[in-house]
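Next come the chains, spelled out residue by residue.
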Amino acid sequence: MAVKNIIKTVVLFVIFTFTNTMNAQMDTLTYIKTFEINKANYIGQPLSVLLNDMTLIQPKTVWAVPITNKKTMIKESIFNFCEKDYSFKNAITLRITWQDYIPYSQVSVYENDNNFYFTNDERLFYGNKIITDIMVYR
Amino acid sequence: MHTHPVDGFDSFSPMDFYGFHTSHTANSNFSTMFVLGANGEVYSLTITDPMKFTNFAGLFPLTDHFDPITQGWKKGSPIEKAFMDAFTGLYREQGKTADDAYALANTYVLKKYNAGMSISKKNSNGDFETLFVEEKKDPNDDTKTIYEQTSTCNLKKKN
């Protein structure tokens, strides 16, 4: 009887943990997706406005999107909300298109200094860049 | 043979992949093309599976998967997402140069989406070596994905 109860408890614990994990992932995507749905509020605004409104979570990493025919510039950045090692497959992604091109030589300084993490340095650097589009996906 | 200017990446772009398809459709003898990058690197693009090559442009039409402004994969398309994952993993984590990561990330998506063509890079001996990329799980954490250049050509049969 005791063994049965232990098994039952373990099974319930696994189900509870799995369900909570799934919900947490879904909630993050749903939450970030609201910024795409409400993109009209942010287009033409600096990134700092969006970051100030993003009260429940903040980006952990930022990655430049290469441009095939203009590799010395970037026009888009990808923000992820997971640890860096988990950013390379099916990560929840906030993709921002900037109003102006940003020289990659400027971006690479931050990439080298902070290893793609979204620190206060990146917050200051990207914070005044103007948004022209927002896309969210995983 | 064509060249890529200094603003572009050395290796083939999606515009080249679709252009290759158009040229081959017009002349079936056209089965290999070359590009000379601004850094002096030379790449070749070869049809490896004529059936897949023919089907690719139909399954992944240019209008849905190509961005004529950047000449890259269309933003948000499945191929572009896969390309970005591989590019980021190879460039930012594996320490490849941006030009090498660009060639390898395209190698990865050509294989993943059964494009029937492969990219080779000319080595210092003047030989063309076909590029391969393996996507695998971190042995210590199977929720992490790693992209690695490999010499293993038959990845699907690898144990």
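Throughout this document, residue positions are counted from 1 along each chain, in the order its sequence is written. Throughout, the order in which chains and ligands are written sets their labels, letters from A for the former and numbers from 1 for the latter. Only residues with pLDDT of at least 70 are given local features in this predicted model, and only at 80 or more are side-chain atom pairs given and counted; all residues enter the totals for whole chains, interfaces and linings. As a rule here, side-chain values cover all heavy atoms of the structure and leave hydrogens and water aside.

1. Thoughts on the confidence of the model for chain A
A residue's pLDDT is simply how confident the predictor is in it, with values from 0 to 100. Overall, the prediction assigns chain A a mean pLDDT of 86, with 80% of residues at 70 or greater. Mean pLDDT in chain A bottoms out at helix H1 (residues 2-37) of chain A, which sits at 66, and peaks at helix H2 (residues 47-53) of chain A, which reaches 98. Counting from the N terminus, the helices are the DSSP runs of H or I reaching at least four residues and the strands are the DSSP runs of E reaching at least two.

2. Some details on the sheet that holds strand E7 (residues 128-130) of chain B
Residues and elements named next belong to chain B. The mixed open sheet is built from five strands, whose spatial order is E1-E2-E3-E6-E7. Looking at the sheet topology across the chains shown, the edges are occupied by strand E1 (2-3) and E7. At least two bridges found by DSSP between two strands are what make those strands a pair. Summarising the sheet, strand E6 (residues 117-122) and E7 pair through three bridges and their orientation is antiparallel. The residue bridging Lys121 from the neighbouring strand is Glu129, located in E7. Each of strand E3 (42-47) and E6 is contacted by helix H5 (residues 98-112), which is oriented at about 155° to E6, the strand it contacts most. The contact criterion used throughout is that any non-hydrogen atoms of two residues lie within 4.5 Å. Angles shown run from 0 to 180 degrees and are taken between the N-to-C directions of axes, each axis being a line fitted to C-alpha atoms and, for helices, limited to the stretch in contact.

3. Points about helix H4 (residues 120-127) of chain A
Helical geometry note: an α-helix holds 3.6 residues per turn, so side chains three or four residues apart project in the same direction. Within H4 of chain A, the full set of buried residues consists of Glu122, Phe125, Tyr126 and Gly127 of chain A. Under the rule applied, a polar contact is a pair of N or O atoms within 3.5 Å (in protein, one hydrogen donor and one hydrogen acceptor; residues adjacent in sequence only if both atoms are side-chain atoms). At the N-terminal boundary of H4 of chain A, the capping side chain belongs to Thr119 of chain A, with an oxygen 3.1 Å from the backbone nitrogen of Asp121 of chain A. Burial status follows relative accessibility: with a 1.4 Å probe on protein chains alone, a residue under 20% of its type maximum counts as buried, one over 50% as exposed, and anything between as partly exposed.

4. Brief notes about the packing of aromatic side chains
How two aromatic rings sit relative to each other is given by the distance of their centres and the angle of their planes. Aromatic pairing here means that ring centres of Phe, Tyr or Trp (its six-membered ring) are within 6.5 Å. Orientation follows from the plane angle: under 30 degrees is stacked, over 60 is edge-to-face, and everything else is tilted. Applying the stated criterion across every chain yields a total of 24 aromatic pairs over all chains. Judged by centre distance (5.4 Å) and plane angle (40°), the ring pair of Phe56 of chain B and Phe60 of chain B falls under tilted. Accessibility classification places Phe56 of chain B together with Phe60 of chain B in one group, the buried group. An aromatic cluster is built from Phe17, Tyr18, Phe56, Phe60, Phe66, Trp73 and Tyr113 of chain B, whose rings are joined through pairwise contacts. Two conditions define a charge located above a ring, namely a distance within 6 Å from the ring centre to NZ of Lys or CZ of Arg, and an angle within 35 degrees of the ring normal. It is Lys70 of chain A that lies over the ring of Tyr101 of chain A; its NZ or CZ is 5.2 Å from the centre.

5. A closer look at the side chain of His65 of chain B
Residue and element names in this part refer to chain B. Mapping His65 onto the fold places it in helix H3 (residues 62-65). Judged by its relative accessible area of 8%, His65 falls in the buried class. Excluding anything up to four places from it in sequence, His65 contacts Tyr18, Leu59, Phe60, Gly72, Trp73, Lys74, Ser77, Pro78 and Ile79.

6. A short note on the interface of chain A and chain B
Many analyses report the size of an interface as the accessible area lost when the parts associate. Contacts between the two partners involve 28 residues from chain A and, on the opposite side, 34 residues from chain B. A 1.4 Å probe defines the accessible area here, and the buried area is the portion of it lost by two parts on being joined, summed over both. Overall, the association of chain A and chain B removes approximately 2,500 Å² of surface from exposure, summing both partners, and the carbon and sulfur fraction of that is 53%. The largest per-residue losses of area from chain A upon contact with chain B belong to Thr68, Lys71 and Phe88 of chain A, which jointly make up 30% of the total buried on that side. Here a salt bridge means any side-chain nitrogen of Lys or Arg lying within 4 Å of a carboxyl oxygen belonging to Asp or Glu. Our count for the contact surface shared by chain A and chain B stands at four salt bridges. In this structure, Glu80 of chain B and Arg95 of chain A form a salt bridge, with 2.6 Å as the shortest nitrogen-oxygen distance. Contributing elements (two or more residues each) for the side of chain A that touches chain B: strand E1 (61-64), strand E2 (73-80), strand E3 (93-103), helix H3 (104-114) and strand E4 (131-137) of chain A. A per-element tally of the side of chain A that touches chain B places E4 of chain A first, with three residues. Grouping the amino acids of the side of chain A that touches chain B by side-chain chemistry returns twelve nonpolar, six polar and ten charged. Only Asp, Glu, Lys and Arg are considered charged in this grouping, and only Ala, Val, Leu, Ile, Met, Phe, Trp, Tyr, Cys and Pro are considered nonpolar; every other residue, Gly among them, is considered polar.

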